[in-house]
Each structure stands twice: as structure tokens, then as C-alpha cells.
Amino acid sequence: MYTVDYYMEPSSLDEAVQYLQKQPHAKVIAGGTDLLLRMAKNKNDNMTLLSLKKISGLTGIHQEGESLFIGSLVTFHDLQTSSLVKEICDVLKTAADYVAGPQIRNVATIGGNLCNGAPSADSAPALLALDARLHIYGPQGLRIASIEDFYLGPKKVDLQSAEILQAIEIPITDSSRCNTHYIKYSVRKTMDISMLGCAAFVCMDQDEQIEKIRIALGTAAPTPMRCKAAENFAIGKKLSSNVLYDIGELAAKEAKPRTSWRASEELRTYLVRELSQRAIRVAAYKIGR
Amino acid sequence: MNRDIKCIVNGRERVLCVNVGETLLEVIRDRLNLKGTKKGCEAGECGACTVLVDGRPVDSCIFLAVWADGREITTIEGHTPAEGLTDLQQNFVDEGATQCGFCTPGMILTAQALLEDNANPTEQEIRYGMAGNFCRCTGYQAIIKAIEKTATNRVK
């Protein structure tokens, strides 16, 4: 039994936002696979939960124009089985495949994975690499923010008072020139939290030079992060072992991992160096295939 | 705070007044007296509390009872026929896939959902699909075999 004093299930985003304005301490709950565990640990007396489950329009995946829209309540199982996700942003399916086990993937949502601010969230490096935009609904209506600006600090995200993540927008890119890959490093293949996660997005021009690149890391800093110095260095270069090596070195310099019981700072730095190279190599290999 | 929910549990409609902090596991075990669903880690890790919600395995220890409103729940009691065992259960017995038995109800339900998704899974797919159910006795080998055998016989 969890201690819940008040539970509210609004049927629209407007209703939810109005309620959150009146009750700023209410916790927004989606799948609950993270929040409920934290509630069990830190018993809080005046726990008010606002569930998003009855709000329609948060559960679908659809393509509109040059973007794919993923509702914040889409579960990891939905991501694994969506043909649109597989076709447009396979890397997100790869990330979903790595998340926990079937029972959790059936319930846990992509929105919750982002909004709890965990630096180890598997969806975060993938979405950073895809340059996703977040549709956030609040008292002033809808605002659209880059996922890059969303993470503010450990477990801290840019959700202002009474704001709710509505959807994730992923720009569609030309798969004959661009591709993405995600690697999660953990002791166990499933039911584990990443020691390090690395996603890479690579676009090649006609001369086989890197035209665009995004390298994103999870569990390598207090928040999921991009490796901008490594990216800037890579632009305009042909992929070679030397270039990849230098990219890895730069990424390792930018990362700010810490030592935890799961892995030491040194191991994580080593993993950044290694996985960034591998993720880029695989992403580049997949282009046009 | 309480709330009324209406759901179907093992084919039978149930109307229940639940506390909003109550888990589906607590409702199943303590109110409906269906003790086949086990309480293990209570943290969504071990899978002993697995039930099917609209056919999909879920850890009922971290699933609020209010979320069961309007859904169809299957526990191990609902999976088991009135007499005898299902082919999956019989294969668990025949392969020695159960020792202390604590994980078995969850294992059976997850395996059932797995085989409905994928009638002919590879060993790797079975291992991946069963990753959310822990067994501390058997070493898993017999469990994998029992599921493989069920798949093979059903496809025949």
C-alpha cells in the first residue's frame, strides 16, 4: 500500500494544468514504475497524485509532415512494436529494447523516462541524437523546446510549474544519407541500468565526409549530454580510425562521469572513448542499408 | 481516499471499492483471495507478482489498483483450467522447471504472453522475454526447455 492522500485523474490537459496550478505539490504520474518505487522509499505525508492515464491523445505514435510524434504516455513496448518507429527512428526501438524487462516495458512510458530526469534514461541519448523537440503544455498553452535544453541538473528538468510533457517530436531525416545507433553498456543484458549509454547520429555527404553528426551520452555526467567539441571536430572529415580515435578522445574529455557502485569514473571515461567510436561506426555503416 | 473500480478478473466481473494507494497485487491477494500471485521484491524486479492486464504481463506490485478500472486481469488461477493443467503448466512439471514454486505463477503467465506474441521463439527470444522473472532455484535451463517444448508442440 502506498500512502496516497489524494488521487486525481483529469480527462484533459487543460483540466490537469488547472489542477496543478491549484495544487503545485501534486506529483504527476504516468506508468509509475519509477515514482512508486521512490514513494515507497520516502514516505511523504501529503502525497497527491495526478494521473495522466485518462487524458486522451497522449498515447499515440503518428507521422505528420516531416516529423514523427510520440505521445508522452507511449510505453516502451509500444516503441518496440511500432512500425513507424522502426522505419523512422530505429535507434529509439534499440533503446527501448534495452529497458528493464517485459513487465516494466508494458507500463513504463517514454514521458516518464524523460521527466524523472534520470541521467541513465535509455531514451535520452537516443532522443538527443535524433534532435527531438519536446511539446510541453502549461498555463500559457503549448511551448516547444529542444531536448538539449530540457535537462538542467541531476534529476532536474525544465518543466515549470503546472507544465506537462505532451509529446515528443522527432524530425524525419533522409535514411539514404543519415543513420543512428545506440549502445548501452551494462553488466547484464536486461533488467539493468546503464553504466554508460551512447547514441550517435551521422549524415554523410556525397564525398563520404561527415556532414552532420550528433553524439549523445547517458550516465556520463549529471545529465544526459551531447559531445559538442567532438561533433565540431568531426564535421567535414572522412571516417577513418584516426578520426574516430580523436572523436573518442574529445568525447571522453567532455564527459563528466562520477564514480558510483555501478562503475568507476575511470571505467566510464574509457567507455565513452570506446562506445562513441563504435556507435558512430555502426551508424555510418547502416546508412543506405 | 477510496475509488470504485470495475474490472474483469479471470473472466468474472468485479466491482471493488479500493484505496487509491492500494496495489493491484494487494487487491488480488487480500480482497479476491487469489493467493497464486506472489509478493516478492515489491519493487518491480523479480516478476513473482506478474499478472496479465489486457493480456500483457505487468508487475502487480507497482501497478495501482485504480489503473485496473475497465481492464481485464488474468492471474494464474484464471490461466489454469478447472481440471488438470494447461500444456505450458504440464511442460513445467515434466521438465522439472519448478522447485520451490514461488516464481512459477509469474513465469507461466509471462511465458503464456510471450508465446502469444511469438508462437515459435528462439532460445534467445525466450531468454529475453523471460528476463523480468527471476528464479532462484532452477538455474532457468528447465524453464527455457519447458517453454520451447510448449511452442514446438503448439506449432505442430
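Residues numbered from 1 in each chain as written. Chains lettered and ligands numbered in written order. Predicted model: local features only at pLDDT ≥ 70, side-chain atom pairs only at ≥ 80, totals over all residues. Heavy atoms only, no water.

## Some remarks on the side chain of A:Lys93
Residues and elements named next belong to chain A. The condition that has to hold: In DSSP terms, a helix is any run of H or I states spanning at least four residues, a strand is any run of E spanning at least two, and both are numbered starting from the N terminus. We call a residue buried when its accessible area falls under 20% of the maximum for its residue type, exposed when it is over 50%, and partly exposed in between, using a 1.4 Å probe and counting protein chains only. Residue contacts follow a heavy-atom distance rule, with two residues in contact if any of their heavy atoms lie within 4.5 Å.
Looking at where Lys93 falls in the secondary structure, it is placed in helix α5 (residues 90-98). Overall, Lys93 belongs to the buried group, its relative accessible area being 19%. What Lys93 contacts, discounting residues up to four positions off in sequence, is Leu79, Gln80, Val85 and Lys86.

## Thoughts on the sheet that holds strand β10 (residues 164-171) of chain A
All names here are of chain A. Definition in use: Strand pairing is assigned whenever DSSP detects at least two bridges linking the two strands. Axis lines are fitted to C-alpha atoms, over the contacting stretch for helices. Their N-to-C directions set the angle, which ranges from 0 to 180 degrees.
Taken together, the 5 strands give an open sheet; going across it, the order is β4-β5-β10-β6-β7, and neighbouring strands pair in antiparallel fashion. Of all strands in the sheet, those with a lone pairing partner are β4 (61-64) and β7 (141-146), marking the two edges. Adjacent strand axes in the sheet meet at a mean angle of 25°, parallel and antiparallel pairs treated alike. Alignment of strand β6 (residues 133-138) against β7, held across 6 bridges, turns out to be antiparallel. Pairing of Tyr137 across the sheet is with Leu142, part of β7.

## Here's the deal with the pairing of strand β12 (residues 196-204) of chain A
Residue and element names in this part refer to chain A. For β12, the tally of buried residues reaches 9 of 9 residues, placing the bulk of the element in the interior. Burial of β12 is two-sided: the residues Leu196, Cys198, Ala200, Val202 and Met204 facing one way and the residues Gly197, Ala199, Phe201 and Cys203 facing the other way are all buried. Where strand β11 (residues 178-185) lies against β12, 8 bridges are found, and the strand directions are antiparallel. Within β12, the position partnered with Lys184 by the bridge is Gly197. In terms of strand pairing, β12 meets strand β13 (residues 210-218) through 8 bridges, oriented antiparallel. Residue Gly197 lies in a different strand from β13, and its bridge partner there is Gly218. Here β12 folds back onto β13 in antiparallel fashion, the turn holding 5 residues, of which Glu208 has a positive phi close to 65°.

## Topic: helix α1 (residues 13-22) of chain A
All names here are of chain A. Quick note on the threshold: The reported arc concerns the directions from the helix axis to the C-beta atoms and nothing else.
All of the buried residues along α1 are Leu13, Ala16, Val17, Tyr19 and Leu20. Viewed end-on, α1 has its buried residues packed into an arc of 165°, placing them on one side of the element. The inward-facing, buried residues of α1 abut β1 (6-8), β2 (27-29), β3 (48-51), β6 and β10.

## Notes on the pairing of strand β4 (residues 56-59) of chain B
Residues and elements named next belong to chain B. Where strand β3 (residues 50-53) lies against β4, 4 bridges are found, and the strand directions are antiparallel. Within the sheet, the bridge partner assigned to Val53 lies in β4 and is Arg56. With antiparallel pairing between neighbouring strands as the criterion, β3 and β4 make up a hairpin whose turn holds 2 residues, including Asp54 at a positive phi of roughly 50°.

## A look at the sheet that holds strand β1 (residues 2-9) of chain B
Residue and element names in this part refer to chain B. If you trace the 5 strands from one edge of the open sheet to the other, you get β2-β1-β5-β3-β4, paired in mixed fashion. Strand pairing shows two members of the sheet lacking a second neighbour, β2 (12-19) and β4, which therefore form its edges. Direction aside, neighbouring strands of the sheet carry axes that sit 40° apart on average. As paired strands, β1 and β2 are joined by 8 bridges and run antiparallel to one another. Across the sheet, residue Cys7 finds its bridge partner in β2, namely Arg14. Along the sheet face, helix α4 (residues 104-117) touches β3, β4 and β5 (72-74) and points at about 40° away from the line of β3.

## Concerning the side chain of A:Arg226
Residues and elements named next belong to chain A. For clarity, the threshold we go by: Any pair of N or O atoms that falls within 3.5 Å is considered a polar contact. Within protein, one atom must be able to donate a hydrogen and the other to accept it, and sequence-neighbouring residues count only if both atoms are side-chain atoms.
Residue position: Arg226 is located in strand β14 (residues 225-226). On the accessibility criterion, Arg226 (15% relative accessible area) is buried. Among the polar contacts made by the side chain of Arg226, one reaches the side chain of Glu148 at a distance of 3.3 Å. For Arg226, the residues in contact, after removing those within four places along its chain, are Leu128, Asp131, Glu148, Arg214, Ile215, Ala216, Glu231 and Glu254.

## Thoughts on empty space enclosed by the protein
Under the convention used in this document: In this analysis a 1.4 Å probe is tested at points of a 1 Å grid over the protein atoms alone, and where it fits but cannot get out there is a cavity; an open set with protein on both sides within 12 Å along at least five of seven lines is a pocket; lining residues have an atom within 4 Å of a point. Grid points are joined across faces, edges and corners, and a volume is the space filled by probe spheres set on the points. Residue type decides the class: Asp, Glu, Lys and Arg count as charged, Ala, Val, Leu, Ile, Met, Phe, Trp, Tyr, Cys and Pro as nonpolar, and the leftover types, Gly among them, as polar.
The tally for this structure, following the rule as stated, stands at 3 cavities of 30 Å³ or more. Lining the largest cavity are A:Tyr2, A:Thr3, A:Met39, A:Asn42, A:Lys43, A:Asn44 and A:Met47. Looking at the lining of the largest cavity residue by residue, the class counts come to 3 nonpolar, 3 polar and 1 charged. Here the second largest cavity defines a volume of roughly 40 Å³. For the second largest cavity, the full set of lining residues is A:Thr33, A:Gln103, A:Ile104, A:Val107, B:Val58, B:Asp59, B:Ile62 and B:Phe63. Breaking the lining of the second largest cavity down by element, the ones donating at least two residues are α6 (102-105) of chain A together with β4 of chain B. The residue makeup of the lining of the second largest cavity, split by class, is 5 nonpolar, 2 polar and 1 charged.

## Notes on the interface of chain A and chain B
What counts here: Note on definitions: buried area is the accessible-area loss of two parts on being combined, 1.4 Å probe, summed for both. Think of a salt bridge as a Lys or Arg side-chain nitrogen and an Asp or Glu carboxyl oxygen that are within 4 Å of each other.
At the junction of the two partners, chain A supplies 30 residues and chain B supplies 32 residues. Summing both partners gives a buried area of about 2400 Å² for chain A against chain B, and 61% of it is carried by carbon and sulfur. Linking chain A with chain B are 2 salt bridges. We note a salt bridge from A:Glu9 to B:Arg3, for which the minimum N-O separation is 3.4 Å. Breaking the side of chain A that touches chain B down by element, the ones donating at least two residues are β1, α2 (35-41), β3, α3 (76-81) and α6 of chain A.

## Considerations on the pattern of salt bridges
As enumerated under the stated definition, the model contains 25 salt bridges over all chains in all. A salt bridge links A:Asp34 to A:Arg38, with the nearest nitrogen and oxygen atoms 2.8 Å apart. Classification of A:Asp34 by relative accessible area gives partly exposed; the value is 27%. Under the relative-accessibility criterion, A:Arg38 is labelled partly exposed at 32%. Several salt bridges share partner residues, and in doing so they unite A:Glu9, A:Lys54, B:Arg3 and B:Asp69 into one network.

## Overview of the domain arrangement of chain A
Residue and element names in this part refer to chain A. Selection criterion: Boundaries of every domain are those given by an automatic assignment or by a domain database.
Considered domain by domain, chain A is made up of domain 1 (4-51), domain 2 (62-171) and domain 3 (179-286). Its C-alpha centre places domain 2 at a distance of 20 Å from the equivalent point of domain 3. Every contact between the two is made by 23 residues of domain 2 and, on the other side, 26 residues of domain 3. Three residues stand out in domain 2 for area buried against domain 3, namely Tyr98, Pro119 and Ala129, and they jointly supply 28% of the buried area on that side. Of the charged contacts, one joins Glu148 and Arg226 as a salt bridge, the two residues approaching to 3.3 Å between their closest N and O atoms. In this structure, the connection of domain 2 to domain 3 is made through 8 residue pairs in polar contact (both at pLDDT 80 or more). Taken together, the elements giving at least two residues each to the side of domain 2 that touches domain 3 come down to α5, α8 (123-129) and β8 (151-153). Across the side of domain 2 that touches domain 3, the residue classes break down as 15 nonpolar, 4 polar and 4 charged.

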